[in-house]
Amino acid sequence: MVAENEGKEGVWRSIWADGQLVGSISVERKDEGGQAIGEIGYMILTPWWSQGIGTEAVRQICEIAFQEMALEQIIGQVFPENVASARVLEKNGFRLEETKTGAVVKGGKALDVRLYRLDF
Ligand SMILES: CC(C)(COP(=O)(O)OP(=O)(O)OC[C@H]1O[C@@H](n2cnc3c(N)ncnc32)[C@H](O)[C@@H]1OP(=O)(O)O)[C@@H](O)C(=O)NCCC(=O)NCCS
């Protein structure tokens with residue numbers, strides 16, 4: 001997945017710890033009204049949670065994406081119950097912009113999504 005997407009519409013990276021593949025992370029291009037915007041996405045395998053890996057991976061990919069894609073902002077969208085994901089963004093300077101009510105339909109249910117934003 002990382003190899004297929006690299007350079008297409010964003011930056012895609014695998015995440016490694018102690019020589020093992022533990023997750024993946026990306027910033028995809030998603031321009032808004034003439035502004036250069038990227039959207040971040042990430043996952044860490046469960047046994048590796050709560051060791052600071054997500055926070056460090058977000059720090060590194062934002063630095064790479066701002067440099068390589070000349071972005072003005074990076075956004076992150078998080079379900080309200082995903083406290084760990086929100087913390088990872090907050091610890092990297094993302095600010096909560098709004099909670100979008102019923103923005104995503106999943107399993108027939110309309111769910112709220114929190115929109116976070118980081119300026120260059
Ligand atoms: C979100 C995710 C990437 C976090 O990765 P991580 O490596 O565990 O994150 P870190 O260890 O860097 O930091 C996690 C922060 O959240 C907190 N946290 C971790 N699990 C938590 C939980 N279940 N409830 C509340 N807080 C939690 C940690 O305490 C830490 O905050 P702190 O430094 O203030 O104490 C990981 O949980 C994951 O892959 N989840 C599934 C996929 C996903 O949700 N992706 C994001 C979609 S928006």
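It should be emphasised that the depicted structure is a prediction, and the values quoted were computed from it without experimental measurement.

Caption draft 1: Up close: the site of the ligand. Neighbouring residues of the ligand: 18 residues in total, closest I44, S50, T55, N82 and K91. Within the contact set of the ligand, an oxygen atom lies 2.7 Å away from a backbone nitrogen or oxygen of I44. Take G54: an N or O atom from its main chain is 2.8 Å from an oxygen atom of the ligand. Its free accessible area being 950 Å², the ligand has 67% of it covered by the protein chains.

Caption draft 2: Seen up close, the packing of aromatic side chains. For the structure on display, the rule yields one aromatic pair. Relative to F120, the ring of F66 lies with its centre 5.2 Å away and its plane at 65°, an arrangement referred to as edge-to-face. Taken together, the positions of F66 in helix α2 (residues 53-69) and F120 in the segment after β6 (109-119) put the pair 54 residues apart, joining distant regions of the chain. Accessibility expressed as a relative area gives 11% for F66, which makes it buried. On the basis of relative accessible area, F120 is assigned to the exposed category, the value being 72%.

Caption draft 3: Quick peek at α2. Here α2 is 17 residues long and its end C-alpha atoms lie 23 Å apart, about the 24 Å a rise of 1.5 Å per residue gives. Turning to α2, its buried residues number three or more, namely I53, G54, T55, A57, V58, I61, C62, A65, F66 and M69. The inward-facing, buried residues of α2 contact β1 (10-17), β2 (20-29), β3 (37-44), β4 (73-78), α3 (83-90) and β6. A positive backbone phi angle near 50° is found at A70, which sits one or two residues after α2.

Caption draft 4: Fine view of the pattern of salt bridges. Tallied over the full model, the rule gives nine salt bridges. Close ionic contact of K30 with E39 constitutes a salt bridge, the shortest N to O distance being 2.6 Å. Residue K30 is classed as partly exposed on the basis of its relative accessible area, which comes to 42%. Its relative accessible area of 17% is what places E39 among the buried residues. Of the charged contacts in the structure, one is a salt bridge between E90 and R87, with a shortest N-O distance of 3.4 Å.

Caption draft 5: Region of the structure containing the environment of W12. Along the chain, W12 turns up in strand β1. Relative accessible area serves as the criterion here: at 12%, W12 is assigned to the buried category. Taking C-alpha positions, W12 is 17 Å from Q73, a pair spaced 61 residues apart along the chain.

About the thresholds
- Residues numbered from 1 in each chain as written.
- Predicted model: local features only at pLDDT ≥ 70, side-chain atom pairs only at ≥ 80, totals over all residues.
- Heavy atoms only, no water.
- Near = heavy atom within 4 Å.
- Polar contact = N/O pair within 3.5 Å; in protein donor to acceptor, adjacent residues only side chain to side chain.
- Areas by Shrake-Rupley, 256 points an atom, 1.4 Å probe, with all protein chains shown as cover.
- Phe/Tyr/Trp six-rings, centres within 6.5 Å; stacked < 30°, edge-to-face > 60°.
- Helix = DSSP H or I, 4+ residues; strand = E, 2+ residues; numbered from the N terminus.
- Buried < 20%, exposed > 50% of the residue type's maximum accessible area, 1.4 Å probe, protein only.
- Expected span 1.5 Å × (residues − 1).
- Contact = heavy atoms within 4.5 Å.
- Salt bridge = Lys/Arg side-chain N within 4 Å of Asp/Glu carboxyl O.

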